[in-house]
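# What the coordinates show
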Amino acid sequence: MTSKLLDSDVLVDPTVRSLVLVPDGDPFQATPFQGFAWSLCGNSHILRTIRNIPADVLQFTPAMHKVTAPRRMAGEAAVAWYGQSLAALTTYPNPLMAPFTLVFVNDADALGPINDWKRRSLNLPTIIAEEGGDIEPSSLSFDSLKRRFLEICDVISENGNFRNLPALREAIKTWEVPPRTALPFEIGGHAVVAPNIATLDVFGYDDPTNGPLHGRDESVYIKPIIETSSKILEERERISGFEAEKIFARTPAINLYCPSTYDLKMYRSMGDLFGIEGGRLHAAFNILSRQDGYRFELTSQQQLTALLDIPDDDAQALPQPSLIMQIRQRELWLGTEAVACLSSSEVGAVVRLPNRLNRTSGVVRQFAQHMRSERPKLAKGQKIFSRVQKAIAKSFPSEFQILFQQSDDPVRIIADAHLEWLDMDGLPLCLVRETCRIPTTPGNLFIDQVAVHPKILLTPKSLTKVLVISGLEEEDLIGKQFSQAFEVFGKEWAGKIELVIRRVFNRKDLVDAINDFDGNILFFDGHGSHKPDSAGVIWLKNESVNIWDLKGDIQRLPPIVILSACDTHAADRNHATVANGFLSLGALSVLGTVFPLHASHAAVFAARLIYRISDYIPAAIKMYGRSLTWLEVVAGMLRRQAATDILRYFEDKNISKIDLQNHTKLVQTADLGGAGGLYEFRKKLREISGLGKFQFNSHITKALVGSSTINYLHLGRPERIIINTEENVREFWGADNGEAIEQSSPIP
């Protein structure tokens with residue numbers, strides 16, 4: 001009797017993974033305007049196919065039909081897709097325990113090495129290719145996938161003993177096409193609603209499009225965005241309350257998506273790159289950069305010829321998009337399909353925003369320059385910040401505000417525009433909602449961030465070991481701020497937090513300090529800077545370090561990174577920021593800064609956040625009876641800090657005198673009140689102050705300009721960091737259900 005390759009009692013992973021083959025080569029060879037891999041731009045249609053593939057082999061079983069959407073809203077069963085180079089893919093055989101792997105191959109020359117790799121992988125991977133694969137793209141269907149997965153089960157059973165294989169085989173045999181229903185409305189098809197249509201598909205709704213969307217008026221585009229988004233939010237509310245939400249916290253309900261580009265000025269002298277003469281090139285970039293709404297407004301023959309190639313010798317030939325437009329179209333298609341994969345994975349609404357929001361960068365730059373001045377004045381800062389908020393509000397279609405009233409769930413910004421400062425009834429969005437951001441440039445980082453990220457399920461105990469890397473000498477005046485803040489607050493967390501403090505003054509020591517650490521939270525305390533047209537850096541005494549250059553040297557980066565340094569995601573600089581650099585190294589959550597950060601403010605915020613980890617998180621899990629997300633933890637801390645800063649401003653200006661007891665109650669109202677907490681805080685404070693509405697709101701804005709809270713941006717996927725006790729997780733799965741516990745996310 002032949003021994004099986006894997007003769008142990010283990011589990012098959014039911015996840016279906018889709019790999020999109022991308023060419024080996026220089027990772028910096030990317031599209032010019034947003035920075036995507038060229039091959040991904042040419043294969044965006046593959047993502048449209050992938051999002052219709054089941055997340056796991058259980059999804060199409062009758063018992064799972066009704067729970068697919070709730071699972072996804074709770075952060076489970078996401079569409080798992082990855083870009084993979086040929087070299088990386090074929091280095092090792094596909095794991096026997098992860099057999100349901102689809103490889104999409106669009107390059108005939110790669111089929112030889114791919115099929116060699118497949119043979120080494122016991123023929124388990126499924127190759128999707130026009131020729132020489134297992135399934136042709138045009139033949140990929142419910143039935144062909146079902147047949148193929150049953151074949152894979154046969155191969156697995158011949159090569160290993162898997163405890164759950166019989167159940168998985170039976171599950172695949174019972175696959176049924178999920179029931180469908182029609183929506184109560186029809187809309188025109190367009191990229192602005194494509195992600196929402198993909199999400200509604202997960203809820204079991206048929207495609208509501210009745211032809212292409214046409215129209216010059218912006219309302220033609222806004223109306224279907226609102227209709228589809230509102231229906232998604234309605235469905236999320238309908239399916240809320242599932243037990244899984246106690247462990248796997250709800251995903252963001254609203255994604256504010258505004259595609260962007262690099263600064264197009266850098267390309268205006270590169271006519272040779274695009275094969276376009278200078279005047280036409282200049283006109284094309286003007287049109288791209290000045291686009292206002294959801295379509296290009298061409299008002300002259302010069303603009304028409306800038307974006308279209310019009311044949312001179314064939315009167316019958318139709319104009320074709322110029323090379324510039326072809327590239328930008330492909331970038332936008334890829335971005336749309338990638339966001340559709342994300343939204344359908346989380347059953348979240350996507351609110352596609354008009355391009356004019358990107359043009360608010362000018363007034364944002366003015367605000368950043370003011371905040372960088374040697375002694376920024378609060379009064380002037382308040383005026384400029386008010387102009388920033390007015391510019392954002394003017395560019396943000398007011399019709400979309402109604403969507404925020406339908407859900408209190410988190411909001412994700414997928415943009416480079418500073419939508420965190422969007423005025424929400426007198427307060428910035430970032431302080432009244434749990435808000436995080438995925439930057440849209442550089443494109444390859446954007447794709448990495450919107451792709452599936454495994455959940456990290458942490459216990460409160462696993463957060464108590466904290467690495468603080470300081471690039472400052474112990475006697476440095478700024479460095480002393482951290483020491484003093486930690487000394488004061490350290491009395492509160494004594495015996496609960498293990499602080500690992502490393503002072504590093506060169507690149508090697510930085511890499512060693514990170515690689516030696518086995519905890520989950522990293523603070524950086526030091527200087528940061530970001531010169532125009534250069535990459536952002538952190539300073540280790542006198543040595544600057546570009547975080548992007550550490551790729552390959554960092555073996556394990558903690559999933560949570562807090563940057564207590566200036567300009568780590570500068571508001572008026574390029575995409576090569578320090579914060580983006582940490583995301584590129586693998587961090588799930590990076591708290592960055594958009595302009596200089598006052599040392600004492602940074603130190604107090606860091607100390608309070610550590611105190612929050614030691615005391616608030618365990619208490620909140622017990623009080624709410626559910627998991628917390630790291631996004632939720634930071635959002636509450638920002639509200640608490642904002643409330644504290646506002647109260648201190650009112651006290652310093654002798655506007656209101658508030659005793660300690662009321663001070664504590666007001667801060668708790670802001671912190672623990674969720675989406676409405678800061679509004680309730682503001683209402684109570686105004687009653688105490690006795691000020692008129694206009695004067696009161698003016699003081700609130702001044703206080704926030706002087707607060708560090710509007711300086712912070714929460715970047716990455718912090719909602720994927722889930723915090724709960726091991727006891728609660730085991731109780732949820734069932735103490736006797738060992739298999740379920742083994743299949744759940746690990747708890748470090």
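Note that the structure is predicted; figures quoted are calculated from it, not measured.

### Points about the sheet that holds strand β21 (residues 527–529)
- What the 3 strands build is an open sheet, ordered β21-β22-β23; its pairing is antiparallel. For this open sheet the edge positions go to β21 and β23 (543–545), each flanked by a neighbour on one side alone. Taking the axes of each pair of neighbouring strands and ignoring which way they run, one obtains an average angle of 35° across the sheet.
- Strand direction decides the pairing type here: β21 and strand β22 (residues 537–540), joined by 3 bridges, are antiparallel. When the sheet's bridge partners are listed, glycine 528 is paired in β22 with isoleucine 538.

### With respect to the packing of helix α23 (residues 630–652) against helix α24 (residues 660–672)
- Where α23 meets α24, the axes come as close as 8 Å, and the angle between the chain directions of the two elements is 145°. Judged by the twist between their axes, the crossing of α23 over α24 is right-handed. Between α23 and α24, the contacting residues are Gly636, Arg639, Arg640, Ala643, Thr644, Leu647 and Glu651 on the first element and His663, Leu666, Val667, Gln668, Ala670 and Asp671 on the second.
- Of the residues belonging to the contact of α23 with α24, the class tally is 5 nonpolar, 4 polar and 4 charged.

### Digging into helix α6 (residues 142–159)
- If you check α6, its first and last C-alpha atoms are 26 Å apart, about what 18 residues at 1.5 Å a residue would give, namely 26 Å.
- All of the buried residues in α6 are Ser144, Leu145, Lys146, Arg148, Phe149, Ile152, Cys153, Ile156 and Asn159.

### A closer look at the confidence of the model for the protein chain
- Per-residue confidence for the protein chain averages 90 on the pLDDT scale, and 93% of its residues sit at or above 70.
- Across residues 735–748, where pLDDT falls below 50, the model places 25 contacts with residues more than four positions away in sequence or in other chains.

### What to know about the state of the cysteines
- Applying the stated criterion across every chain, the model contains 0 disulfides.
- In this structure cysteine 41 is not part of a disulfide, and its nearest cysteine sulfur, from cysteine 341, lies 14 Å away.

### Considering the sheet that holds strand β3 (residues 80–85)
- Spatially, the 4 strands line up as an open sheet ordered β3-β2-β4-β5, and their pairing is parallel. Only two strands of the sheet have a single partner each, and these edge strands are β3 and β5 (126–128). Pairs of neighbouring strands in the sheet enclose a mean axial angle of 25°, with direction left out of account.
- Bridge analysis of strand β2 (residues 17–22) against strand β4 (residues 101–104) gives 4 bridges, and the strand direction is parallel. Bridging from a neighbouring strand, leucine 19 pairs with valine 103 of β4.

### Some points on unusual backbone geometry
- Here the bond from threonine 441 into proline 442 is cis, since omega is -5°, no more than 30 degrees from zero.
- On the secondary structure map, proline 442 appears in the loop between β16 (435–438) and α18 (443–450).
- Unlike most non-glycine residues, aspartate 425 shows phi in positive territory, near 55°.
- As for its placement among the helices and strands, aspartate 425 is situated in the loop between β14 (423–424) and β15 (427–428).
- Positive phi outside glycine occurs at aspartate 533, with the angle close to 65°.
- Within the fold, aspartate 533 resides in the loop between β21 and β22.
- Among the residues examined, aspartate 533 registers a relative accessible area of 78% and is labelled exposed.

### Quick look at the side chain of asparagine 355
- When you line up the elements, asparagine 355 lands in the loop between β12 (349–352) and α14 (361–372).
- Among the residues examined, asparagine 355 registers a relative accessible area of 16% and is labelled buried.
- Of note is the side chain of asparagine 355, whose polar atom sits 2.7 Å from the backbone oxygen of glutamine 291.
- When near neighbours in sequence (up to four residues on either side) are disregarded, asparagine 355 contacts Pro259, Leu288, Ser289, Gln291, Asp292 and Gly293.

### Some details on the pairing of strand β27 (residues 712–716)
- By the criterion of burial, β27 is predominantly enclosed, with 5 of the 5 residues buried.
- Pairing of strand β25 (residues 589–593) with β27, which is carried by 5 bridges, proceeds in the antiparallel orientation. By the bridge assignment for β27, threonine 593 is matched with tyrosine 712.

### Some details on the side chain of serine 584
- By the secondary structure assignment, serine 584 is in helix α21 (residues 578–584).
- A relative accessible area of 15% places serine 584 in the buried class.

### A word on the packing of aromatic side chains
- Considering all chains together, one arrives at 22 aromatic pairs under this definition.
- Where phenylalanine 60 meets phenylalanine 142, the ring centres are 5.3 Å apart and the plane angle is 40°; that geometry is what we call tilted. Of this pair, phenylalanine 60 sits in the loop between α2 (44–50) and α3 (68–73) while phenylalanine 142 sits in helix α6, and the two are 82 residues apart along the sequence.
- Using a relative accessible area of 11% as the deciding quantity, one classes phenylalanine 60 as buried.
- Grouping aromatic residues by their ring pairs yields a cluster made of Phe60, Phe100, Phe142, Phe149 and Trp175.
- Note that lysine 541 overlies the ring of phenylalanine 505, its terminal NZ or CZ placed 5.6 Å from the centroid.
- Taking NZ or CZ as reference, arginine 626 lies 4.8 Å from the ring centre of tyrosine 624, over its face.

### What about a nonpolar patch on the surface?
- Judged by side-chain polarity, Met623, Tyr624 and Leu672 come together as a nonpolar surface patch covering roughly 280 Å² of accessible area.
- Taking relative accessible area as the criterion, leucine 672 reaches 38% and is therefore assigned partly exposed.

### Comments concerning the packing of helix α13 (residues 323–346) against α18
- At a closest axis distance of 9 Å, the pairing of α13 and α18 adopts a crossing angle of 20°. On the basis of their axis angle, the class for α13 and α18 is roughly parallel. Along this stretch, α13 crosses α18, giving a crossing that reads as left-handed. Touching Leu334, Gly335, Ala338, Val339 and Leu342 of α13 are Phe446, Ile447 and Val450, all from α18.
- Classifying every residue of the contact of α13 with α18 gives 7 nonpolar, 1 polar and no charged.

What counts, and at which threshold
Residues numbered from 1 in each chain as written. Predicted model: local features only at pLDDT ≥ 70, side-chain atom pairs only at ≥ 80, totals over all residues. Heavy atoms only, no water. Pairing = 2+ DSSP bridges. Helix = DSSP H or I, 4+ residues; strand = E, 2+ residues; numbered from the N terminus. Axes fitted to C-alpha atoms, helices over the stretch in contact; angles between N-to-C directions. Left-handed = near helix turned anticlockwise from the far one by under 90°. Contact = heavy atoms within 4.5 Å. Nonpolar A, V, L, I, M, F, W, Y, C, P; charged D, E, K, R; others polar. Expected span 1.5 Å × (residues − 1). Buried < 20%, exposed > 50% of the residue type's maximum accessible area, 1.4 Å probe, protein only. pLDDT = per-residue confidence, 0-100. Disulfide = S-S within 2.5 Å. Polar contact = N/O pair within 3.5 Å; in protein donor to acceptor, adjacent residues only side chain to side chain. Phe/Tyr/Trp six-rings, centres within 6.5 Å; stacked < 30°, edge-to-face > 60°. Lys NZ or Arg CZ within 6 Å of the ring centre and 35° of its normal. Patch = residues over 30% accessible without salt bridge, like charges linked within 9 Å, V, L, I, M, F, W, Y side chains within 5 Å. Areas by Shrake-Rupley, 256 points an atom, 1.4 Å probe, with all protein chains shown as cover. Salt bridge = Lys/Arg side-chain N within 4 Å of Asp/Glu carboxyl O. Parallel < 35°, antiparallel > 145°, perpendicular 65-115°, else oblique.

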